[in-house]
Amino acid sequence: WIEFFGHFTDGNGKVSRVIRIGTRKSQLARIQTDSVADKLKELYPDVHLEIGESLPDLLPLLKIGEKSLFTKELENALEKNEVDLVVHSLKDLPTTLPPGFTIGAVLKRENPHDAVVLHPKHAGKTLDTLPENSVIGTSSLRRAAQLKKRFPHLDFKDIRGNLNTRLKKLDDKDDFSAIILAAAGLRRMGWDDRISQILGPEDCMYAVGQGALAVEVRARDADILEMVSVLHDPDTVLRCIAERAFLKRLEGGCSVPVAVHTQVKDCQLYLTGAVYSLDGSESLKETMQTSIKVDEQVQRVGVTAAKIPGDAQDRAEKLGADLADLLLGKGAKEILTVARQLNDAR
């Protein structure tokens, strides 16, 4: 595997290391990948970065839960040494990665909350003030379950496709009064002006890892791991380890309504986690906290962060698992099993 240390010589005869980054073809994926590449270029000016697009955005053809198709394609490229690192939205990465891969960096989190994007004719309104039976588009069971309960006067329907496709469906037709999207994606695309309302945790808690970018690498590539590890944002890492540990213990995935909210304050990590039935009528929600006051190479729910104190990471991981156990003790398994069965039957 020596070849993967690609090198090239610039005009002055200087030899540079070539690092290849894999990405999907969607505009958002490309923007996210470029943002990571820019940070790496700043930190390592001698490294030559090449960005290769691996596959088109097939999302409209996929059922929920098959988002991992992209992940698999990109991991295949990683495995075959065609690329050296891949940038993902952390919320798309399973809590258990295939052997040989690890998340080498979790970058500072963008706003993790969900946002309401209104049809232009409803400008100035909120979910509360939209007319009775207005149709709201969302492809997320987690969003639908929470919002159906919180806004019973609204009607929630599926909407598929990448960000561009969904916004077009909203604007060009009269099918939807509004759609719900992650604020992070809209902000990264430069579409802040389309955000009519940010949904706080009392309305809609977010998905595990939402708003954070992750850099996936081969676990054996110590030099690449070392290189990307400077991108780690300590608070985001600890929050996301707790969130991912919570989801992992619940055995949740895209196909069940699981939501979280985390906060780091005064050396305490707070984790609120909830599970919902598909219609939101049944739910369990609890909050726990742990001290993260404060290293070794250990992966925790797929994340390797050598520079962040190990005991803080261990406590974050235990917080997630403990909160899941608390909810499981109250019947979370039954709620999620029914939700999964109903969703599979759709």
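Rules used throughout
Residues numbered from 1 in each chain as written. Predicted model: local features only at pLDDT ≥ 70, side-chain atom pairs only at ≥ 80, totals over all residues. Heavy atoms only, no water. UniProt positions renumbered as here; feature names shortened; annotations may be inferred. Helix = DSSP H or I, 4+ residues; strand = E, 2+ residues; numbered from the N terminus. Buried < 20%, exposed > 50% of the residue type's maximum accessible area, 1.4 Å probe, protein only. Areas by Shrake-Rupley, 256 points an atom, 1.4 Å probe, with all protein chains shown as cover. Core = buried A, V, L, I, M, F, W, Y, C linked by side-chain atoms within 4.5 Å. Contact = heavy atoms within 4.5 Å.

An unreviewed UniProt entry annotates the protein as Porphobilinogen deaminase originating from Salarias fasciatus. UniProt annotates the protein under Sequence similarities (unreviewed entry) with the comment "Belongs to the HMBS family."

Participant: Looking at this structure, how should I read the overall build of the protein?
Facilitator: When helices and strands are tallied, the protein shows 9 helices and 16 strands. Burial analysis of the protein (346 residues in total) assigns 53% to the buried set. For the protein, the exposed surface amounts to about 15300 Å²; the carbon and sulfur share of it is 51%.

Participant: Help me understand the nonpolar core in this model?
Facilitator: Membership of the largest hydrophobic core comes to 39 residues, with the highest contact counts inside it found for Leu90, Ile103, Val106, Phe246, Leu250, Val258 and Val275. Looking at this core, the elements with two or more residues in it are strand 5 (101-106), helix 7 (234-250), strand 12 (258-265), strand 13 (268-276), helix 8 (310-329) and helix 9 (332-345). A total of 9 residues in this core trace back to one element, the largest contributor, which is helix 7. Once residues lying within four places of it in the same chain are set aside, the contact partners of Leu90 are Ile103, Val106, Gly209, Ala212, Leu213, Ala214, Cys240 and Arg244. Within the second largest apolar cluster, 19 residues are counted, among which are Ile21, Leu40, Leu85 and Val228.

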